[in-house]
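Secondary and tertiary structure notes
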Amino acid sequence: MSAATAPLAASGPATGGRRLGFGHLMLSEWTKIRSVRSTVWSLAILIVLTLVFTALFMKMGIANWDKTSPSQQAEMRLDPTGTILGSGILLSQLAVCVLGVMAIASEYSTGMIRASLLAVPRRVPVLAAKATVFALLVLAVGEVTAFGSFFLGAPILHDKAPVALGDPGVLRAVVGCGLYLALLGLFALGAAAVIRHTAASITVVVGFVLVITPMTDLLPGSVGEHVHAFMPTQAGFMITQQHARAGDVLGPWQGLGVFALWTAVLLAVAAVQLRRRDA
C-alpha cells in the first residue's frame, strides 16, 4: 500500500466513512498529488515554459511589428493583456488538460481508487475532495503563471502597446487567467471521471479543446457564432481579454460562468456515475 492511500485505508470500512471528514479526504488527496514527482515537475516545467514562450512570442511580435497588418496592430493596442496571456496559454492548456485527466484516470487504471472508495462508501465526497484539491493547486499555479507572463510581457510590448496592472480590465484578466486554467483542470478531471480510461480521456479532452471548439468557428451565420461562443473553453477564455472585441457574444464574466456551468454539469454526471458504477 502506498503512502498516498494509507490515510484512507487506515480507517477501514468499519467506520462507514463517518470518521473521515472532508478535511481528512482533502489531506489524503493532497498527499497523493505531492507524492507523485511527475506532477510536481510537470507543474514547474509548465510555469517555466509558459514564461519562456510568452517572452519569445512577444519579442517576435515586436520584431515583426512593421510587417504586421494595421488591424492586428490595432487589436494588440486595444487588448495588450489578452495578447500577452494568449501567447503562452496554449501550452498551459495542454498541460492542465493532461494533468486533470491523470489526477483521476490513473487511479482507475492502477486500481488505487478502490482503497479510497472502500474507506468512504458514499463515494461522492472522494470526488469532491479530489476536485477541490486539484482545482486549488492549478489555481495557484495558474495565477503564478498569469502574473509572471504579464510582468514579463508588458515591458516588451511597452513601446508599441503600453499596459499596466492598474489599467481598466487588466487585473481582472490576469486573475481570470488563473481561474480559467483551474476550471479547465476540473473540466478535464470530470471528463476522465466519466470515461475512466487515461488515453481515451486525454484524446477526448484535448480533441474537444483544440479541434472541435475551433472547428465550430467555421459554422456559418449567427447560429455558428453563438455555438462557437458557448463552447466551454471559448467562453471561459473571454475572461483573459482586457476589453471586449468586435463580434463578442459573451462578456468576460458571462463567458467564465458558461464554462463553470459546463464543468459543473460534467462533474455532476461523474458523481452520479461514481455512485452507480463499480470502480
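Residues numbered from 1 in each chain as written. Predicted model: local features only at pLDDT ≥ 70, side-chain atom pairs only at ≥ 80, totals over all residues. Heavy atoms only, no water.

1. Re the packing of helix α5 (residues 80–110) against helix α9 (residues 198–216)
- Packing of α5 against α9 brings their axes to within 9 Å, and their N-to-C directions diverge by 155°. Between α5 and α9, the crossing angle belongs to the class labelled roughly antiparallel. As for how α5 packs across α9, the hand of that crossing is right-handed. The residues of α9 that touch α5, namely those facing L90, Q93, L94, C97, V98, V101, M102, A105, S106 and S109, are T198, S201, I202, V205, V206, V209 and L210. (Axes fitted to C-alpha atoms, helices over the stretch in contact; angles between N-to-C directions. Helix = DSSP H or I, 4+ residues; strand = E, 2+ residues; numbered from the N terminus. Parallel < 35°, antiparallel > 145°, perpendicular 65-115°, else oblique. Left-handed = near helix turned anticlockwise from the far one by under 90°. Contact = heavy atoms within 4.5 Å.)

2. Quick notes on the layout of surface pockets
- As a volume, the largest pocket reaches approximately 670 Å³.
- Looking at the lining of the largest pocket, the elements with two or more residues in it are α3 (37–63), α4 (70–78), α5 and α10 (221–229).
- Here the lining of the largest pocket gets four residues from one element, more than from any other, and that element is α5.
- Looking at the lining of the largest pocket, its residues break down into nine nonpolar, eleven polar and five charged.
- Space inside the second largest pocket adds up to approximately 390 Å³.
- Lining of the second largest pocket is provided by 19 residues; of these, V36, T39, M102, A103 and S106 occupy positions nearest its centre. (1 Å grid on protein atoms, 1.4 Å probe; cavity = no way out; pocket = protein on both sides within 12 Å on 5 of 7 lines; lining within 4 Å. Points joined across faces, edges and corners; volume = space filled by probe spheres on them. Nonpolar A, V, L, I, M, F, W, Y, C, P; charged D, E, K, R; others polar.)

3. Brief notes about the packing of aromatic side chains
- All chains considered together, the criterion is met by eight aromatic pairs.
- Both rings, one in F187 and one in F259, keep their centres 5.9 Å apart while their planes meet at 50°; by these two values the pair is tilted. You can see F187 sitting in helix α8 (residues 170–195) and its partner F259 sitting in helix α12 (residues 252–276), a full 72 residues away along the chain.
- Judged by its relative accessible area of 0%, F259 is buried. (Phe/Tyr/Trp six-rings, centres within 6.5 Å; stacked < 30°, edge-to-face > 60°. Buried < 20%, exposed > 50% of the residue type's maximum accessible area, 1.4 Å probe, protein only.)

4. A closer look at α5
- Taking 1.5 Å of rise per residue, 31 residues should cover 45 Å, and α5 covers 45 Å from first to last C-alpha, within 8% of that figure.
- At I89, α5 shows its strongest bend, of approximately 45°.
- Just downstream of α5, G111 is the residue with a positive phi angle, here 85°. (Expected span 1.5 Å × (residues − 1). Bend = angle between axes of the 7 residues up to and from the residue.)

So far we have only geometry, and geometry alone does not tell us how the molecule works.
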